[in-house]
Each structure stands twice: as C-alpha cells, then as structure tokens.
Amino acid sequence: MSSTRNPWDVIVIGGGHAGCEAAAAAARFGARTLLLTHKRATIGEMSCNPAIGGLGKGHLVREIDALDGLMGRLADAAGIQFRLLNRSKGPAVRGPRAQIDRRLYREAMQAALDAQPNLTIEEAAVEDLVVEAGRVAGVVSGDGRTWRAGRVVLTTGTFLKGVIHRGEARIPAGRVGEAPAIGLSDRLYSLGLAMGRLKTGTPARLDGSSIAWGRLEMQAGDAEPVPFSFLSGPLTRAQIACGVTWTNAETHRIIAERLGESAVYGGRATGRGPRYCPSIEDKVVRFADRSSHQIFLEPEGLDDDTVYPNGISTSVSEATQDLFLRTIPGLEAVRVRRYGYAIEYDYVDPRELAPDLSVKRLPGLYLAGQINGTTGYEEAAAQGLIAGLHAARAASGAIAASLARDEAYIGVMIDDLVTRGVSEPYRMFTSRAEFRLTLRADNADQRLTARGIGLGVVGAERAAAFHVKSAALAAARDQAAALQLTPGEAARHGLAVKADGQRRNLIQLLAYPDIRFETLAAIWPEIGAWPAPVREQVEIDAAYAGYLDRQQADVAAFRRDEDLMLPAELDYGAVGGLSNEAREKLRAVAPRTLGQASRIEGVTPGALTALLAHVRRSPARRSDVA
C-alpha cells in the first residue's frame, strides 16, 4: 500500500490502551486516521492485570470519559466486580476500580473502533519513520510498505527493543508471542533523543479450578456498583468475588535462596522497575522484616477460570515459581497456565516532549504511553487521548490547547512528565495533585466536558447529556441557595445551628456534619426529586465549601505564574544569576511558563527571580509580565 494516493491526517502506531484512545480521539476530531497494529485480534488487550481504575487511576478514567474517551464506557460494559476505594474518606480521594473480563473488554474495544467514523485499521509491524525536511512524513513497515501522514503518534508500549526475562531465559519480545520493534527504537536513538531502559513484570496465570477457594477469605464487590462513565446507567451484571491469601516465611525462603534467577538480582536486566508495584523478589529483599505479603486472586473473566494473582509479579525460573506458589495457602495444588516474567524495554525521556506530547526535535511526531516512561492502562489511555487530539488539531491547523495542573489529573501527569522526567515507571496518585479538592473523580465532567466540546473531541451524544446534567445542576444550586432557614426555624425542625440571627441556605445547612440531606428533604420535599448525580454534587459542594474557597485562592496564585509565558527562543546563557545546574536544566526542558520553570528539579527560588528579572528587561516581553 502507498498512501500517496490516499494520504492520512494522523497515523497511530500500536493498538494498546494509548493507541486505541489516540486513534479514537483523532477520528472524533474529524482527522482521517489510520491505526497500524501488529494484530487486529490483540487490539484492546489487557496485557497485565484484569482491572481498571483505583486511587488516582480512577480519576484518570473519569477524565478520559469526560473527554468522550472509550475506557470508562468499556470498563462498565466489561466489568465483573466494582468497588469504590476510600469510600469512607472524602470524595477528593475516592477512586472507582473494577475487575474486568479480558475478553469482553477486548471485544468491546474492537467493536468501538470498528464503528468509529474516520478511522481505518490495518495490520503492520512499523519499523521506521519517513522523515523529510526535518519533520515526520509517514511510517514504514518491516516488509517495506509505506504510509504517509504529517502527524504520527507512537504508542509502542513495551515493544521498543523489548526483552522478556524469566530465570536464565532471555527472549526478544514486545509481549508474549509478539516480536519487538527494533528498527523503530534505532530511529529514535538516531534522532539524538535522550532514551533509557525501564522494566515491568507480571505474575503467573493460574488455573482457577486448582485453587482451594473454600479455604480463602473472599472479597465481594460493592452492593451498589458505581460506574466509571457519566453516560452509563445502573450496572446490573452479577459480580464475582476475589480471593485473598498471603505469602509466608517458606515462600520468602525459597525466593531468597534463588534470587540469582531474578532478572534484576541476577544482573540480567538494567532497567528500573516501578517502586510502587514491586516484584515479589523486591518485596522479599526490601521488606525483609515482613513475614507475609497480601495476594489478591482475581478472576480474568466470567467464562474463563484463569486467575491473576495480584501482588507476586516475578521473573524467577518456572521451577522456582512452581515451588513458591505451592507454599501459599489455597495454592498448594495450583496449576500454572502461564509463568510470570519481567520485560525490559526502551523509553524516551519525556522531557523531550512539549505539553501536547509532540517531540520537540522532530515536528509531527507524538508519543504516548509506556514509551514516555509511565506504567498502567489508565496513564497510557489518558496520554493517548491527548496525543491523538493534538495530532489531529495540528493536522487541521488548530493550535495546541494543553490541560493544566489545576484543570485535570491528566494535566498533572503530563506536566510531571515533560517537566521532571522519570527515574522509574510513572504512576498516578492523588498525592501528586496540588488541587485535589477541585480535581475530584465525581466532577470530571463538569471540569472537562465543556472544554472537550470546545476542542472538538466530544461527540453529540455526550454533549447533549452534559448539557442536560449541567442545566439540572445549575437549577439545583439556585434552588439550594434560595431555600433558607433562620436559626429559630432550624431549631423547630430539630436542627442545631448557632443562634446568631443569620439565615442559612441549604448548602450552608448541609455543611453541618450532623445534618443529612434526608432531613432537609423532609423540610423541603421538592429537593427529593433531584437526580442522584445532582444530589451528590450538591452534597459535595456543601462538604467542601470552605475548603474550596481557600483552594481557589491557591489556584489563582498558580495561574499568575502559569500565565507568565517565557519566550520559546529564550537564551538561558544570557540570564545572569543562574547556576550552571539550573541553566542546563532550563535548557533541557525549555519551560513554556514561569510556573513550569518553578517545577523543574534544581531550579531554586533565586533562579526564578533571576529569570523573571531577565524576561521583564526584555522589551518584547514587558507587556506580557507587567
């Protein structure tokens, strides 16, 4: 095939979570989009654990959904156990999570992409880029076929010079049974990009019929499951339960005695793994004082009795895996369907990227997912959506419009990546967000859907649903402000408030910890008709009212620095008062705003003062920084 006869606006490489969201976003925008992947059958594959969401990660899924991405809706369609984590804590840190049926999710993703207008899918193993006049002009497959486009999104996951490690075995692969991308990695190195190696791992897959489930603690889903998508109705599928078991001293002894089989401890892998998701070998070494580690036994599907033992990823030999698995309660007679392994792969230092995820050194090229040093389906999908949208907007001549740290967890993640880089696979946590009271999972649509409509990435169905909900929420908030009680009236209804003569509206009354919505609905029956999502938003508004006012002041201060743009051509060598370290780090990142400069490691307050003074002295910039 030669696309000179049928040129594409955007080409996406890779059919994982980043690639699927990138292709769908570009096509929703209206770009003629081509998705190239090794195998159609593995589009939407969940290569690691059969779960989506969690703390921080669930926020990303809600934001993807608010921007009309696919992951939330498909997780609801394929979910087999739903839990809202941190339910007993405040709404800002609650995280929706679901166990997923792998087959249902994969089939749902493939169906969604097949039905997406403006999107074509072809099988190919891309091994090179077409570069003309210093910018991307297309891609070339290993068998010599060429497709041309002015915007290319790489979402290669673990395929860049991927190597699987299991005991002494070292197998070149992007994942089990699929060849790595060698030429593409060489092309990126030839561009002079800063690159490195990272590592991740996966546990053995177990035969569920060989597990003694009756001896295990079982963890059920929530009685009233909470969906990911703002478009989903009630979730009615019967939910499965997960088993809970533990390692023990004998498990640890076997692993400790055979540490040399591990990819890391045996010296065969140099890439750094995720600190927050350590292998069982890392747990035994780093937490030697612990006598046990928890394992969740997660079924992989409704009609598949394969079980994923979450918490014991490993790269020791098959024989050692058999030995240590059978020391674990409930697994004494377990049969292994596929042994665990570690996989090491190339990544690009994300400081090589602009906030729209384009490569600074090669116009037209965008990167998303594990290639940028992240880990996790949710992190990959969020980057894919942003990269695909910006590639499509650039192809149409529209300007980039990145999300900031005060707007979305997606903005926090991308700013972290392009400003600070990574030293290990990056994972999203709520603690990474400075403004998490406003960046909640429950209000992702109110924060982002209108923005997505303006950017051209939100379809008509979601836009209509959003406008209906927004109107209902605005009406409820107006009604809540109008419904008021004096202290005397409140007392007659059994409500204890300060007798200060001040009238309090419904929001102010709900802010009292001992005043419940049901109590106020008995006073004002009309509020009982509010839709459940509207009621939830009003209750959260009340709970966080005072804190949100303070956080808005913090956001305003953040905005002052973010709105101070730095010249793209700024010569940091001409800025007086900078240390050599600060000067080199500023050159490497080339921050776009003073706020971004302040988040670069090693850039001190003194360096920021010197930078601001220099920019203010520049005649061309005085009006911007006044």
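What counts and how
- Residues numbered from 1 in each chain as written.
- Predicted model: local features only at pLDDT ≥ 70, side-chain atom pairs only at ≥ 80, totals over all residues.
- Heavy atoms only, no water.
- Helix = DSSP H or I, 4+ residues; strand = E, 2+ residues; numbered from the N terminus.
- Polar contact = N/O pair within 3.5 Å; in protein donor to acceptor, adjacent residues only side chain to side chain.
- Core = buried A, V, L, I, M, F, W, Y, C linked by side-chain atoms within 4.5 Å.
- Buried < 20%, exposed > 50% of the residue type's maximum accessible area, 1.4 Å probe, protein only.
- Contact = heavy atoms within 4.5 Å.
- 1 Å grid on protein atoms, 1.4 Å probe; cavity = no way out; pocket = protein on both sides within 12 Å on 5 of 7 lines; lining within 4 Å.
- Points joined across faces, edges and corners; volume = space filled by probe spheres on them.
- Nonpolar A, V, L, I, M, F, W, Y, C, P; charged D, E, K, R; others polar.
- Arc of directions from axis to C-beta.
- Salt bridge = Lys/Arg side-chain N within 4 Å of Asp/Glu carboxyl O.

Chemist: Where do I start with the side chain of Arg97 in this structure?
Modeler: Mapped onto the elements of the fold, Arg97 is located in strand E5 (residues 95–100). Only 2.7 Å separates the side chain of Arg97 from the side chain of Gln99, close enough to count as a polar contact. Side chain to side chain, Arg97 and Glu298 meet in a polar contact 3.3 Å long.

Chemist: Help me understand the nonpolar core, please; the structure alone is not making it clear to me.
Modeler: In summary, soluble globular proteins display a tendency toward joint burial of nonpolar side chains. Residues Ile11, Ile52, Leu113, Leu154 and Leu365 are the most contacted members of the largest nonpolar core, which totals 105 residues. No other element matches the 10 residues that helix H9 (residues 377–396) contributes to this core. Leaving out residues up to four positions away in the same chain, Ile11 has contacts with Leu34, Leu36, Val139, Trp147, Arg148, Ala149, Arg151, Val152 and Val153. Core analysis: the second largest hydrophobic core is formed by 23 residues, Leu495, Leu506, Leu509 and Ile515 among them.

Chemist: Any chance you could explain empty space enclosed by the protein here in plain terms?
Modeler: Think of a ball as big as a water molecule: rolled over the atoms, this probe shows where empty space is left. Summed over the entire model, instances satisfying the criterion amount to 4 cavities of 30 Å³ or more. Looking at the largest cavity, it is lined by 14 residues, and the ones nearest its centre are Lys199, Ser279, Glu281, Ser315 and Ala342. Within the residue set of the lining of the largest cavity, elements represented by two or more residues are strand E12 (195–202), helix H7 (280–286) and strand E19 (341–348). Among the residues forming the lining of the largest cavity, the class breakdown is 4 nonpolar, 7 polar and 3 charged.

Chemist: What should I look at first to understand helix H6 (residues 249–257) in this one?
Modeler: For an α-helix, 3.6 residues make a turn, and residues three or four places apart therefore share a direction. Looking at H6, one finds that the buried residues are Thr251, His252, Ile254 and Ile255. Angularly, the buried residues of H6 cover 160 degrees about the axis, an arc narrow enough to put them on a single face. Among the exposed residues of H6, those oriented more than 90 degrees off its buried face are Ala249 and Glu257. One side-chain oxygen of the residue at the start of H6 lies 3.1 Å from the amide nitrogen of Glu250, identifying that residue as Asn248.

Chemist: Mind showing me how you'd approach the layout of surface pockets here?
Modeler: In this model, the second largest pocket occupies a volume close to 1,300 Å³. Contributing to the lining of the second largest pocket are 43 residues, with Ala532, Pro533, Arg535, Glu536 and Ile540 lying nearest its centre. Of all the elements in the fold, those that place two or more residues in the lining of the second largest pocket are helix H11 (444–455), helix H12 (460–482), helix H15 (517–523) and helix H16 (532–562). Examining the composition of the lining of the second largest pocket, we find that 9 residues originate from one element, H16, more than from any other. Looking at the lining of the second largest pocket residue by residue, the classes come out as 27 nonpolar, 3 polar and 13 charged.

Chemist: I keep staring at the pattern of salt bridges and nothing clicks. Help me out?
Modeler: It is possible for side chains of opposite charge to pair when their charged atoms get near one another. Inspection of every chain in the model, using the stated rule, returns 53 salt bridges. In this structure, the salt-bridge partner of Asp143 is Arg145, at a minimum N-O distance of 3.2 Å. Each member of the salt-bridge network shares a partner with another, and the members are Arg405, Asp415, Asp416, Arg420, Glu434, Glu562 and Arg599.

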